[in-house]
There are 2 protein chains.
Amino acid sequence: MDNAEPKSPQRRRTPGRASVTIRDVARHAGVSVATVSRALRGSDLVHPATRERVDAAIEALRFTPSQLGRSLAERRHAANGIVFPDLSGPFYAEVVLGYEEVAATLGRSVLILSTHNRDSADEMVLELAGRVDGLAVFGRTVHDDVVAEVVQRGVPVVLMARTEIEGADSVRTENVVAAASVVDHLLEHGHRRMAFLGDPVDSTDVAERWAGFRGALAQAGAEVPEQAIPAGFKEDDGARVAADLVAGGLPDVVVCANDELALGLTVALAEQGIEVPGDVALTGWDDVMAARYAGLTTVRQPMREMGARAARMLDARISGDRSEPRHDVLTTQLVVRSSCGPHP
Amino acid sequence: MDNAEPKSPQRRRTPGRASVTIRDVARHAGVSVATVSRALRGSDLVHPATRERVDAAIEALRFTPSQLGRSLAERRHAANGIVFPDLSGPFYAEVVLGYEEVAATLGRSVLILSTHNRDSADEMVLELAGRVDGLAVFGRTVHDDVVAEVVQRGVPVVLMARTEIEGADSVRTENVVAAASVVDHLLEHGHRRMAFLGDPVDSTDVAERWAGFRGALAQAGAEVPEQAIPAGFKEDDGARVAADLVAGGLPDVVVCANDELALGLTVALAEQGIEVPGDVALTGWDDVMAARYAGLTTVRQPMREMGARAARMLDARISGDRSEPRHDVLTTQLVVRSSCGPHP
DNA sequence: CCGGTTTATGTAACCGGTACCAAAGGAGCG
DNA sequence: CGCTCCTTTGGTACCGGTTACATAAACCGG
């Protein structure tokens, strides 16, 4: 009965605490590990009396099954990953929230990775891919070939707000029509000379907004600017262009690629004595909380829904859905406030 | 050489893709798994020529070591968890960001869990605890006994913005002094009748702010309200109390437990024709982005630093630090804007 | 009272790595 | 030339679960 005392190289034990394993439980309950495992998973056929003994042992030993051992045996992580550039915007948080909520409901943990423009981002993503059953990637955070590599390894990927990639699902929000509706609204205000602030090269979303913007202007026979004014996504980036904008002669309105740009620009302009919307009108994009209080006209995107949908798409893939990749487009909504000027 | 053909029950293969393992690499390179493992970990002493063969095999087979197998063998997850109530505030996102940034630098992945007031939160936390090397818990998201249970299992825990628990480190921000400085500032404005909006029972932070608020009023010989006006943390909660506040006779100022409350209240009051700061002054707490644009006087907390510090504390514990639990308190900063009235 | 099921449990081979221990082969030295 | 010592490498027992397969016990109608 009490075997293996002499031969065994005496359980190597790490400095850390000795965690109690399924075999300890089995011994304590006087059954085999198989039985404990079965009792653990509730399901199968275990005699009530036996189950009781096992439960008692589990209780007595305060046993918790190791997720690691379980995952290895089941060959699934029961976890999803999500990659985004930087949580700092008030914006990504919503996406993550929607994602997490659905994933949790589906019994999957969520691993987050923020790339912060780190050089090592690519490796970090690959590493992450090895820890999850599926991965959501937001925007231009990761190089195409890295995403392709992940897909190629068989890990389902959903892209969010990003150009499509062979073999991966995607969710994004509508941009072209929304940008056109912004422009149309501004035209109704009587604004004619419009500038666009944001770098179309930097993001698919911005590129589409820029395209929609130009298209609508052209269609209306209004003047179409040659180029967008390049800028990042932060308030600082908006503030930085204020001087140039003034020096170059103010347009009637500046359509900004996101709210933070518009807000930063508003403040910087005010410092130069230029009023919004009196001297120049502005619009943003995203409808962050601050936009409400700043009276910023903007476009609302269903960020939380986007995260939620990504999580559901991944779940379907992980569960074996082999159908053609889907590419969902969520509709957006123009939110008119005061920054575009008094209603005509 | 080519053994085990007849006896082996022929590798059970799951429906999924057959991932390439370290043994495949070993076979391909004509070496043992031990050698591959050594080559993999870079370190050890492997003959350059051998290493080259192994690398070639890895390349050829597009092998990626399984994090699962590795974690199981190393008995570490290389991952930390963080639990918070709800990401939706513009506020928690910062904490998570700081946490993630440091954790990533230290080579740990981050698992997030948002409890959303779900009933199953406790089990979810316990489950999470089984997947990580350390856990950060924000606020009153989890019952004390659940946290204790996690600690008892030997998983290091750091509490954020929460009352201390035996055996766990904690980080929080200073509240009492800050609340007093808010009150002092308001007294300088000449405000005397002050109300406090927020539920002290709901959160340790709020309780401390309420205490600091009362203390400062008492010290100044001003009228001390019997009770705080209970409210949650959302804009809606702020809006909801507007009517009662007006009906009960407006105080000189309402000190709110967070910015969202103050902002929601501002809007609701405006709808009733009551101006801030003309008819009533307001202050918030957190200094979210919207507070800047709404001109809200508030208290800034170093949220990102809080997350970062929690991650560092956990790292120390995981690395074997057995010293007494630390309880860090981060200093906060009064940010004066227009909502408290014109300067005297 | 017996062969045939059905139910309950045990045995052991995985999952995919890590690392201890031993052995092989080469170099250096008296 | 024999003998240590050191560098490389291989064999294998883990880590902590799951589960296919075998086995034993209990049940059943004829």
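Everything numeric in this text was worked out from a predicted model, so none of it was measured.

### What to know about the overall build of chain A
Then, in step 1: Along the backbone of chain A there are 14 helices and eleven strands.
Then, in step 2: In summary, chain A has a C-alpha radius of gyration of 28 Å against a globular reference of 20 Å for 344 residues, an excess of more than 25%.
Then, in step 3: Sorting the 344 residues of chain A into buried and exposed places 51% on the buried side.
Then, in step 4: If you take every contact in chain A between residues at least 6 apart in sequence, the share linking residues at least 24 apart comes to 67%.
Then, in step 5: Accessible area for chain A stands at about 16200 Å²; split by element, carbon and sulfur atoms hold 50% of it.
Then, in step 6: Within chain A, the 49 negative side-chain charges are centred at a point lying 12 Å from the centre of the 37 positive side-chain charges.

### Details of the pattern of salt bridges
Residues and elements named next belong to chain A.
Then, in step 1: Counting across every chain of the model gives 43 salt bridges over all chains.
Then, in step 2: For glutamate 94, the salt bridge goes to arginine 304, with nearest N and O atoms at 3.1 Å. Here the residue glutamate 94 occupies a position in helix H5 (residues 92–105), and arginine 304 occupies one in helix H14 (residues 303–318), the gap between them amounting to 210 residues.
Then, in step 3: Taken together, the salt bridges that share partners define one network made up of Glu305, Arg309, Arg326 and Asp328.

### Re the domain arrangement of chain A
Then, in step 1: Each assigned domain of chain A is listed with its residue range as follows: domain 1 (22–65), domain 2 (77–173 + 303–330) and domain 3 (176–301 + 334–340).
Then, in step 2: Here domain 1 of chain A and domain 3 of chain A have C-alpha centroids that lie 64 Å from each other.

### A short note on the packing of helix H1 (residues 22–29) of chain B against helix H2 (residues 33–40) of chain B
Residues and elements named next belong to chain B.
Then, in step 1: Axis separation between H1 and H2 bottoms out at 8 Å; the angle between their running directions is 105°. Viewed along their axes, H1 and H2 adopt a mutual orientation that is roughly perpendicular. Counted together, Ile22, Arg23, Val25 and Ala26 of H1 and Val33, Val36, Ser37 and Leu40 of H2 form the full contact between these two elements.

### Regarding the packing of aromatic side chains
Then, in step 1: A full pass over the atoms with the stated rule returns twelve aromatic pairs over all chains.
Then, in step 2: Where Phe84(A) meets Tyr92(A), the ring centres are 6.5 Å apart and the plane angle is 20°; that geometry is what we call stacked.
Then, in step 3: Residue classification places Phe84(A) among the buried positions, given a relative accessible area of 2%.
Then, in step 4: A relative accessible area of 17% means that Tyr92(A) is categorised as buried.
Then, in step 5: Both rings, one in Trp210(B) and one in Phe213(B), keep their centres 5.8 Å apart while their planes meet at 20°; by these two values the pair is stacked. A residue pair is termed a helical-turn pair when its members lie 3 or 4 positions apart in one helix, as Trp210(B) and Phe213(B) do in helix H9 (residues 204–219) at three residues. A single burial state applies to Trp210(B) and to Phe213(B), both of which are buried.

### Quick word on the relation of the copies chain B and chain A
Then, in step 1: Rotating chain B by 180° and translating it 0.0 Å along the rotation axis places it on chain A, where the RMSD comes to 0.1 Å. When the rotation and shift are considered jointly, the pair of chain copies conforms to a two-fold rotation axis. By C-alpha distance to the rotation axis, the residue of chain B lying nearest is Ala290(B), at 1.9 Å.
Then, in step 2: The share of interface residues of chain B whose copies in chain A are also at the interface is 100%, consistent with both copies meeting through the same surface.

### Examining the protein's contact with DNA strand C
Then, in step 1: The environment of DNA strand C is made up of 31 residues, and the closest members are Ser32(A), Thr50(A), Ile22(B), Arg23(B) and Ser37(B).
Then, in step 2: In DNA strand C, atoms within 4 Å of the protein come 62% from sugar and phosphate.
Then, in step 3: The separation between a phosphate oxygen of DNA strand C and a polar side-chain atom of Arg75(A) is 2.9 Å.
Then, in step 4: Looking at the surface near DNA strand C, the elements that each hand over two or more residues are helix H2 (33–40) and helix H4 (67–74) of chain A together with H1, H2 and helix H4 (67–74) of chain B.
Then, in step 5: Partitioned by chemical class, the residues of the surface near DNA strand C number 14 nonpolar, eleven polar and six charged.

### Section: the interface of chain B and chain A
Then, in step 1: Contacts between chain B and chain A engage 53 residues on the former and 54 residues on the latter.
Then, in step 2: Summed over both sides, the interface of chain B with chain A buries roughly 4700 Å², with 56% coming from carbon and sulfur.
Then, in step 3: Put simply, chain B and chain A have six salt bridges between them.
Then, in step 4: Close ionic contact of Arg292(B) with Glu235(A) constitutes a salt bridge, the shortest N to O distance being 2.4 Å.
Then, in step 5: Here chain B and chain A share 23 residue pairs in polar contact (both at pLDDT 80 or more) between them.
Then, in step 6: Among the secondary structure elements, those contributing two or more residues to the side of chain B that touches chain A are H4, helix H5 (92–105), strand S2 (109–114), helix H6 (121–129), helix H7 (144–152), helix H12 (259–271) and helix H13 (289–294) of chain B.
Then, in step 7: The greatest single-element share of the side of chain B that touches chain A, amounting to eight residues, is contributed by H5(B).
Then, in step 8: Its residues assigned to classes, the side of chain B that touches chain A shows 21 nonpolar, 16 polar and 16 charged.

### A few points about the protein's contact with DNA strand D
Then, in step 1: In the vicinity of DNA strand D lie 31 residues, with Ile22(A), Arg23(A), Ser37(A), Thr35(B) and Thr50(B) positioned nearest.
Then, in step 2: Backbone atoms, meaning sugar and phosphate, make up 61% of the atoms of DNA strand D lying within 4 Å of the protein.
Then, in step 3: Side-chain polar atom of Ser19(A) to a phosphate oxygen of DNA strand D: 3.2 Å apart, as the coordinates give it.
Then, in step 4: Of all elements in the fold, only helix H1 (22–29), H2 and H4 of chain A together with H2 and H4 of chain B reach the threshold of two or more residues within the surface near DNA strand D.
Then, in step 5: Taken together, the residues of the surface near DNA strand D sort by class into 14 nonpolar, eleven polar and six charged.

### Some words on the sheet that holds strand S7 (residues 253–256) of chain A
Residue and element names in this part refer to chain A.
Then, in step 1: Taking strand neighbours across the sheet as the criterion, the three strands line up as S6-S7-S8 in an open arrangement whose pairing is parallel. The open sheet has two edge strands, strand S6 (194–197) and strand S8 (281–283), and neither has a second partner. With strand direction ignored, the average angle separating the axes of adjacent strands in the sheet is 20°.
Then, in step 2: As judged from the three bridges shared by S7 and S8, these two strands associate in the parallel manner.

Here is what the cut-offs are and how they apply
Residues numbered from 1 in each chain as written. Chains lettered and ligands numbered in written order. Predicted model: local features only at pLDDT ≥ 70, side-chain atom pairs only at ≥ 80, totals over all residues. Heavy atoms only, no water. Helix = DSSP H or I, 4+ residues; strand = E, 2+ residues; numbered from the N terminus. Rg over C-alpha atoms; globule rule 2.2 N^0.38 Å. Buried < 20%, exposed > 50% of the residue type's maximum accessible area, 1.4 Å probe, protein only. Contact = heavy atoms within 4.5 Å. Areas by Shrake-Rupley, 256 points an atom, 1.4 Å probe, with all protein chains shown as cover. Lys, Arg positive; Asp, Glu negative; His and termini not counted. Charge placed at Lys NZ, Arg CZ, Asp CG, Glu CD. Salt bridge = Lys/Arg side-chain N within 4 Å of Asp/Glu carboxyl O. Domains from an automatic or database assignment. Axes fitted to C-alpha atoms, helices over the stretch in contact; angles between N-to-C directions. Parallel < 35°, antiparallel > 145°, perpendicular 65-115°, else oblique. Phe/Tyr/Trp six-rings, centres within 6.5 Å; stacked < 30°, edge-to-face > 60°. Least-squares fit on C-alpha atoms with pLDDT ≥ 70 in both. Near = heavy atom within 4 Å. Polar contact = N/O pair within 3.5 Å; in protein donor to acceptor, adjacent residues only side chain to side chain. Nonpolar A, V, L, I, M, F, W, Y, C, P; charged D, E, K, R; others polar. Buried area = accessible area lost by both parts, 1.4 Å probe. Pairing = 2+ DSSP bridges.

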